[in-house]
Structure formats: C-alpha cells, structure tokens
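Coordinate inspection notes
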Amino acid sequence: MRELLLECQGWLAYLERPSVLIQLLLAIIPVAVSRRARQRRLIKHWPAEAYPFLGIILLTLAVLGLASVGHSFGLTLLLGLFWLGWFSLHLLHRLLLIWLPEEPTHQLESRLLRPAFLVAASIILVSEVDSIQDLAVAPLGELFGISINAGKLFEALVVIYLVLVGCGPPAAGLAWIAQRALGLRDGSRKAMELILRYTVVGIGLVIVAVQLGLNTNALIAVAGGLSVGLGFGIKEVFSNFVSGLWLLFEGSVRPGEVLLLDGDPCEVRRLGLRATLLWRDRDNAELLVPNQTFFTEATTTFTASDRMRRSQVSVGAAYHHNPSDVIALLENTALSVSRVLPHPAPKALLVNYGDSAINYALRFWIANPLDNSSISSEVSQAIWHAFKQQDIEIPFPQQVEYSMVWPPEKHQSNNGRT
Amino acid sequence: MTPLKGSRFRPTRQHALVLGLLTGLSLTGCSSWNLPNVLYLSLSTNSDQTIDATLLQDYREKLSILNGGYRQIHPSTYFQFSLYPEERIIQAMQRRTGAGLGPDVLFVNGETAKRLVAQRLADPFPINAALAQQLNPEDLQRMRITNGALAGLPILIQTQVACFNRKHLSQAPTTLQALLSASAKGHRIGLSIELTSLFWSAGSMGAVDAVQQLESGQTVKPDAKNSLTNWLSWLQNANHQQRVTFYANQSAALNEFRAGHLDWIPCSSVSLPSLRKTLGESLGVASLPSGPGGMASPINRLRVFALGRSSSQAGRERALAFSRFAVNPLVQHNLTVGAQTVLPANRFVKVPTQSSGTLKALSASKSSGQRSAAVSDLLHQDDPRIISAQSIISSLVFGEVSPNKAANDLIHLFQKER
C-alpha cells in the first residue's frame, strides 16, 4: 500500500516539466474562459448551453497551436476530451429524459454514467503517467492469507458496485414477468423484486470472494469475525437486516401494504436493508422505521388478506326518535356515499344511552384503507344532511350556570329567586 | 474580506480554486524546490514474462542494486519505474511522449531502442569517449543507427541458456543427439515454436547463415537452403519424439517446467530468478546443445538505456548521471554477481565463471550468440515476418508441411516481404 501511495505521490514530479505545465494551463484556460463567459453572458443571444462550445473551440485552437510548433499536446487534448465527455453527459441527460422519467434518468446518470465516466477517465489519465499493468499487480497486503493487489481490489469494488447499482432493473423486470405469469399482486411483485436483488447481491459477493481467491476457510473466518462483530457493534444492523428478510418472506410488511402506525394508516413504500420507508397520507410524511420494530412488536395491517377496511362514524340522536328509524336512515345514508362499498352492507348499531342523546355507530366498508379519513368525513356530512331532511335532532349537552351563596343555608333555588 | 461596494468582482470558490491552481503551477514552474527529484524509468519485459506481483518484486530487487547505489550518491533522487510488455512499449511511449509524460529513461532491448529513436520517441544517447571506451565496440556498433548516433547505452546482456531439473536429469545434454537420446530415455523435453526461442537450434544445425541470407534479402544459395531444410527437418523429427513437446509460446513451456512437468527447456536468463524460487537447488543451468552445424546460436538481448524525449532539463541530467552510474565497473560487477542472470556490458568487468556454473553457462551463451546477433538485430518481436514465420514453423512441426516446403515458404516469405 505504501509503495502504491509513493507511486502516486511521484506523479507530482511531472509538474517539473514545463511542457506539462503549458499543456495544463492551455487545458484549464479555455474551460475557465467559457465558464466566465457563460456567467457574464459575454456573447449576446447565446443560450447558456452553447457556451461550452466556446471552450471546445478554444481548446481546439490550443491543441492546434501546440501541434503547429511541434510541442506535446496529448495532455491538453486528453483533458479537453474529458471535459467534452462530461459536457456530453449533460446533453445525454436531456436525450434520456425523452424516453425515461426524471427519477430513473437521474439514478442512471448519478449512479452509473457519471461514476463510470470518472473511473474510465482516471484510468486513462493514470495510463498516461504510469503502467496500469504493473500498478494493478502492486501488492496491497494480505487478507486471510490471500495476497490482495490493486487490480484485484479495483475489480472487486467495481463488480460489487455494479451488482449493487445494476441489479435493480433486471430484478424488477423478472418480478414483472413473474407477476404477469403467475398473477401476483403488486405487493408480491415488489417483494419478489427485493428478494431477487438480495440474491443477486449475495451471489455477486460470493463471486467477488472467489475471484479474490478467498477459500472456504477464509470465508468461515469472515463469518467468525462477523459473529463477533454482530455480538458487539453491528447487532442492530444485522437484526434489522434479518428482520427485513423475514418480513419479506412472511409477506406481512411488503411495499404497498397499509399499516396502522400511531393511529395513522401508512403505506409501505420500500423495505430497505435497515429500515422500512412508510408514507403517511395525513401530512405526506415519510417515516423510516427500523425493520425490527415490525418484527418484535404487534402491528395492525389492513392489507394482510384483503385491502378492505371497516370504518366507523359515531353520531347521537335525540331520545324522542325511534331507534329503528334512525338505524335504517343511517344505513341508507352510508349506501348513498359513492366510496362506501355496498357489500358487505353498512351496519348501524345503537351503542348506548348517553346523557343527552342515544349514541349510534355506523360501520361501513371501504376499498382503500388510506381513504378512511376522507370517506368518514363524507359519511358524517351525509348523515347531517339526512338527519336534517328527516327532522332528526342531533342533541348536544346543555349546561345551566348559577351562582352559589355562602353559607349554603342562605342559598335559594332558581325558582325561589324568580 | 468583503468586496467593495459597487465592485463587479465577487470572489467565489471557483475563483479561489483557479487562482490557487495558477499560483501553484507558476510557482512550480519557476522553481522546483518543492517537488521531489524523480527519475521516471520504464522497462520492457520479455515475451516469456508475465507482469505479476512476483515479476514486479523481482524487478524491484534487481533495480535496487542500481537505485540503492545511485541514491547513496544522490540521496534526493527517487525512482519510479513502470513495466510494459516488450510488444506494447512502443505504443505506450507514443501515447505518453505525445502528452509530455514519457519516462526519463527506458530500459529496453537494443532493437527496441533503435525503433524508439527512429520513431522520435527517444533521443540518441550522447556518449563521450571515456564512456565508449568502457563498452564493447561490437555492442556499440549494434546500437548505432543510420546517422551514426547511439540509440541506447548498453547496460547488460541477457542470454538464452538451457534450464534443466537436476532431480530428473543429472547432466544437461551437450549435443542435439544427446538431447533426443535423453528424451528417448524418458526425460521430458520442452520447446517453444516462438522463433526467437527456437533459433538457437539453427546454429546447432548450421542454418544461421541461411537465415541471415533470408533476412538480408540475398538469394539463398543451394547449400544454405540445404542447411535450412536440415534444421527444419530436425525440428519436425524432434516433435516426432514421444517426450519432446512443442508449446505455443515460451511462457507456457516455462510454466510446465516450473510445475515439474518438464526436465529440460531452453530459457532466457531473466527467467532464472523465478525458476530458482520455485525449483531451488534442483535448477540446473547449462549451455544450449551444439550439433553437427556447430555451436548453438542463442538470441541474446542487449539491454540498453534509451533517453526519453519528455524530460525536463533537470530530468535529462539525472538520466545521464544515472546511465553513467549504471556502467560503472563496480555496479556492473554487483549486477552480474548479485543476480547471476545477466552479463555486464562493461568490458572491463571480469565475470567469475570459475566460481559459478550459471555465469559460465551465460558467458558461453554470450560467445556463441555472437553469430545470431545480426539476426536478432534485424528481427523484433512484433515484426509481421516473425508471425508468418512462426505459422510456417508451427505447420512444419505438427507435420502439416514437409521441411522442404517449409524452407521454400520461408524463402518466399522473406523475399516477398522485402
């Protein structure tokens, strides 16, 4: 490792060469000029996107100038091409937006295209100053008796990164095919997609380990080390990871499920390695809840066997109304609300005799658990209108205030006063 | 610091970055006091060598004899070396020199140095009389280019010898007849169909003059053609032996020998360190077998220092000082005796052949290789004629064409290409 770092440090000495300095300056100046010109809009009627072309023209002139005097120009040309490549990624972004939505385009660009460009540019730049082949075999140290060199490590990191980043779309595609073929629900599709991703990542890690030359003994040693680590430092992380996997297989917490969390229905958006991302309709909040919460604590779900929810609104009617009439009216009113399911039929109940009213409960079924609040509101409003139409009074508690006289012997009743 | 009111200039991070970079570059340009004195050294490896951690370590160890000694005199100088396969070094140097990032010194085969100078990728070596006087006039003559300039400074000579496994073969065969007899007795012999690895047998069969005539474009005389056919017949006959195996390349033969599957192979002296590490005391080194045509004609490589064209003035001075240091008799003696894989270019260094069988074999090989020097100077590894000639030899060895037909094909090839 030390040798590799010394090697990298040694590249600085190329700055001793005037030809290198001149090329660097001639690569930097056009870029800086074009940026400055764009910021100040030096050329009227030029859109901001056109200013990089100014830099490209200046870079071309610089390269031609160097070539015409027989000076080395490879470095300027290379840096110019890097800049052109980076600029082309901006243009590619716009092209991609024609075919892909914003989010996948952003992910493709930030997770794959730009990192790949930077890695490729770095390799090309290093090959200008050194031999990639011998840098790749520079030893970095030993891991479980296996000699690790820079090339092996680089390959392993690239494979792991590509597996982590690149397994998403194929896994989603396979899950989509499985959904079409087997008639799975959306939640099952998402669960299958996640399981496929974990499987691919797992296989990728094993391939990397084999590629590095780690033998089974070394893997057992890794497992032993991990178990110690799990016991001390990363117990929670591992617990959350295993909980997440278990929940996926169990199918109780899958993307698309609706759970009741602190009294609010929330939709599961993503089941991650450590935490589950929930979306709360009430305030559009996204909640990150550690996976083990669902594993160890009781959870209310509205979507385990079906997606229907039974809702309830409470209302009071005056004592002089016939409860049978009120119950029939409540049930008919619920049926008149479009988002209330006709089957199972709404059910009204006389709950109890209250202080100022007979209390009723109207229970009805809805298709989407997340719509509970808005449908309940609609039903409550419909009841108000129905009661008004049928002259059914919704009583409210009334209180009479009077002043006390001290001592109590002197107190007179209201009748006495009047 | 806040900008003045009304000033149009607003310092930003980008400005600070550009300013810092420009200042840094100008400072390093004006004075290199803060940059390390690095001597960039690029080395070519032979076609039978694979660039891996072992080879890297091997080169580090060998170069440490040179570097360590030089740093005792110039402690502020650091070395950075890069390894390239012989067939790819020209391409790499084109790229690096074009960017002004080429090495200060190239440690390459003599013929490669000539090609580097011819392609303006290296400068002729400015040798003075005192330095020239220390070197063999024949070696210097081999390194002269058309205008009389020196393409590179001879440093070492790598030779081709016979490597055998003492556990299985007590003594190396000294003649071609003895070699085939050994195979008949059950000893496993390995040969490569690479022309440069196989050419030693042309000398033993008296075909060197014929090949020289071929290469130089002269009309091949009937006697020469006969000797050429005899050599090719021997090759075909050798492959008919049960325990003589021809390999596609020298590195394959080396690997088999290293693994203990072969008892005798021709090998380059630079392969000796890795063979010693594997075989230890079992490794025997001897001269290549002679034959009815005389001594073997191994292709010995003259390793030279060529001067890169991208050096700064200080870098060039370091390169010249290091080159002069490398041909110092004491350093040359240490290089020869220390590694026992190369012979010195300095003619005043006596090789202790009495005390070392390996050095004796290397010296003998050097002497007998004088005959093939002209051939090796004319042919380089990526010469298209070499590839075609190897194809013809391959067809011959595996019995697809007769020796006579192969001889005619070779004559036709060299006359056509000319």
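Residues take numbers from 1 onward in each chain, read along the sequence in its written order. Key to labels: chains lettered from A, ligands numbered from 1, both in the order written. Reporting of local features is limited, given that this is a predicted model, to residues whose pLDDT is at least 70; pairs of side-chain atoms are given and counted only at 80 or more, and all residues count toward the totals for whole chains, interfaces and linings.

**Let's talk about the overall build of chain B**
Our working definition: Where helices and strands are cited, they refer to DSSP runs of H or I of at least four residues and of E of at least two residues respectively, numbered from the N terminus. Comment: burial labels come from other C-beta atoms within 10 Å of the residue's own C-beta, placed from the backbone, where a count of 20 or more is buried, 12 or fewer is exposed, and between is partly exposed. C-beta atoms are placed from the backbone for every residue, and two residues are taken to be in contact when these atoms lie within 7 Å.
Helices and strands together make up the secondary structure of chain B, namely 19 helices and 12 strands. Expressed as a percentage of its 418 residues, the buried residues of chain B come to 47%. Of the contacts made within chain B by residues no fewer than 6 positions apart, 77% connect residues no fewer than 24 positions apart.

**Overview of the interface of chain A and chain B**
Quick note on the threshold: Each residue receives one of three labels: charged for Asp, Glu, Lys and Arg, nonpolar for Ala, Val, Leu, Ile, Met, Phe, Trp, Tyr, Cys and Pro, and polar for the others, Gly being one of them.
The interface of chain A with chain B comprises 32 residues on the first partner and 28 residues on the second. Of all the secondary structure elements, the ones that give two or more residues to the side of chain A that touches chain B are helix H1 (2-10), helix H2 (18-40), helix H4 (74-99), helix H5 (102-129), helix H6 (132-136) and strand E2 (146-149) of chain A. Tallying contributions element by element places H2 of chain A first for the side of chain A that touches chain B, with nine residues. Taken together, the residues of the side of chain A that touches chain B sort by class into 17 nonpolar, nine polar and six charged.

**Some words on the sheet that holds strand E4 (residues 264-271) of chain A**
The strands making up a sheet are joined through hydrogen bonds of the backbone, oriented either antiparallel or parallel. Put simply, the rule reads: Note on pairing: DSSP must find at least two bridges between two strands before they are called paired.
Pairing is antiparallel across the open sheet formed by five strands, whose spatial order is E6-E5-E4-E3-E7 (chain A). Only two strands of the sheet have a single partner each, and these edge strands are strand E6 (285-290) and strand E7 (300-301) of chain A.

**Structural notes on the domain arrangement of chain A**
Applied cut-off: Domain ranges listed in this record stem from an automatic or a database domain assignment.
Split by domain assignment, chain A resolves into domain 1 (1-125), domain 2 (234-301) and domain 3 (309-389). A C-alpha centroid distance of 33 Å is found between domain 2 of chain A and domain 3 of chain A.

**Notes on the domain arrangement of chain B**
Residues and elements named next belong to chain B. Here chain B is described as being made up of domain 1 (37-158 + 301-344) and domain 2 (161-299 + 367-417). Taken over C-alpha atoms, the centre of domain 1 sits 28 Å from the centre of domain 2. The interface is formed by 18 residues belonging to domain 1 together with 18 residues belonging to domain 2. Going through the elements one at a time, helix H2 (53-73) and helix H4 (110-118) are the ones with two or more residues in the side of domain 1 that touches domain 2. Ranked by residues supplied to the side of domain 1 that touches domain 2, first place goes to H4 with four residues. Residues belonging to the side of domain 1 that touches domain 2 are distributed by class as follows: two nonpolar, nine polar and seven charged.

**Description of helix H15 (residues 329-339) of chain B**
Structurally, the α-helix is built with 3.6 residues per turn, so residues lying three or four positions apart point the same way. All names here are of chain B. Basically, it comes down to this: By arc we mean the arc of the directions from the helix axis to the C-beta atoms, nothing more.
Looking only at H15, the buried set comprises Gln332, Leu335 and Thr336. All buried residues of H15 lie within an arc of 90 degrees about the axis, which places them on one face of the element. One or two positions beyond H15, positive phi appears at Gln340, with a value near 55 degrees.

**Describing the environment of Gly284 of chain B**
Residues and elements named next belong to chain B. Residue position: Gly284 is located in strand E10 (residues 283-286). Residue Gly284 is classed as buried on the basis of its C-beta count, with 22 C-beta atoms lying within 10 Å. Taking the C-alpha atoms as reference, Gly284 lies 8.2 Å from Gln171; in sequence the two are 113 residues apart. Setting aside anything within four residues of it in sequence, one finds Gly284 in contact with Phe164, Arg166 and Ala172.

**Description of the pairing of strand E3 (residues 105-109) of chain B**
All names here are of chain B. Among the five residues that make up E3, five are buried, leaving the element largely enclosed by the rest of the structure. Of the strand pairs in this sheet, strand E1 (residues 37-45) and E3 are connected by three bridges, and their pairing is parallel. In the strand pairing of E3, Leu41 is matched with Val105. Judged from the five bridges that link them, E3 and strand E11 (residues 301-308) form a sheet pairing that is antiparallel. Counted as the bridge partner of Phe107 is Phe305 from E11.

**Overview of the environment of Asn215 of chain A**
As for its position among the elements, Asn215 of chain A is in the loop between helix H9 (186-212) and helix H10 (216-232). Through-space distance from the C-alpha of Asn215 of chain A to that of Ile146 of chain A is 8.8 Å; in sequence the pair is 69 residues apart.

**Points about the packing of helix H13 (residues 323-336) of chain A against helix H14 (residues 372-389) of chain A**
Residue and element names in this part refer to chain A. Formally: Axis angles are defined between N-to-C directions and span 0 to 180 degrees, where every axis is a line fitted to C-alpha atoms and, for a helix, only to the segment in contact. Orientation labels follow simple angle bins: below 35 degrees gives roughly parallel, above 145 gives roughly antiparallel, 65 to 115 gives roughly perpendicular, and whatever is left gives oblique. Crossings are sorted by hand: turned counterclockwise from the far helix by less than a right angle, the near helix makes the crossing left-handed, and turned clockwise it makes it right-handed.
H14 packs onto H13 with a crossing angle of 130 degrees between their chain directions and a minimal axis gap of 9 Å. One finds that H13 runs oblique with respect to H14. Classified by chirality, the crossing of H14 by H13 is right-handed. Each of Leu329, Leu330, Thr333, Ala334 and Ser336 in H13 lies in contact with H14, whose residues at this interface are Val379, Ala382, Ile383 and Ala386. For the contact of H13 with H14, the per-class residue count stands at seven nonpolar, two polar and no charged.

**Brief notes about the packing of H2 of chain A against H4 of chain A**
All names here are of chain A. Viewed as axis vectors pointing N to C, H2 and H4 meet at an angle of 30 degrees, and their least axial separation amounts to 8 Å. In terms of axis orientation, H2 runs roughly parallel to H4. Seen from above, H2 lies across H4 with right-handed handedness. Residue-level contacts link Val20, Gln23, Leu24, Leu26, Ala27 and Val31 of H2 to Leu75, Thr76, Leu79, Gly80 and Trp83 of H4. Tallied by class, residues from the contact of H2 with H4 come to eight nonpolar, three polar and no charged.

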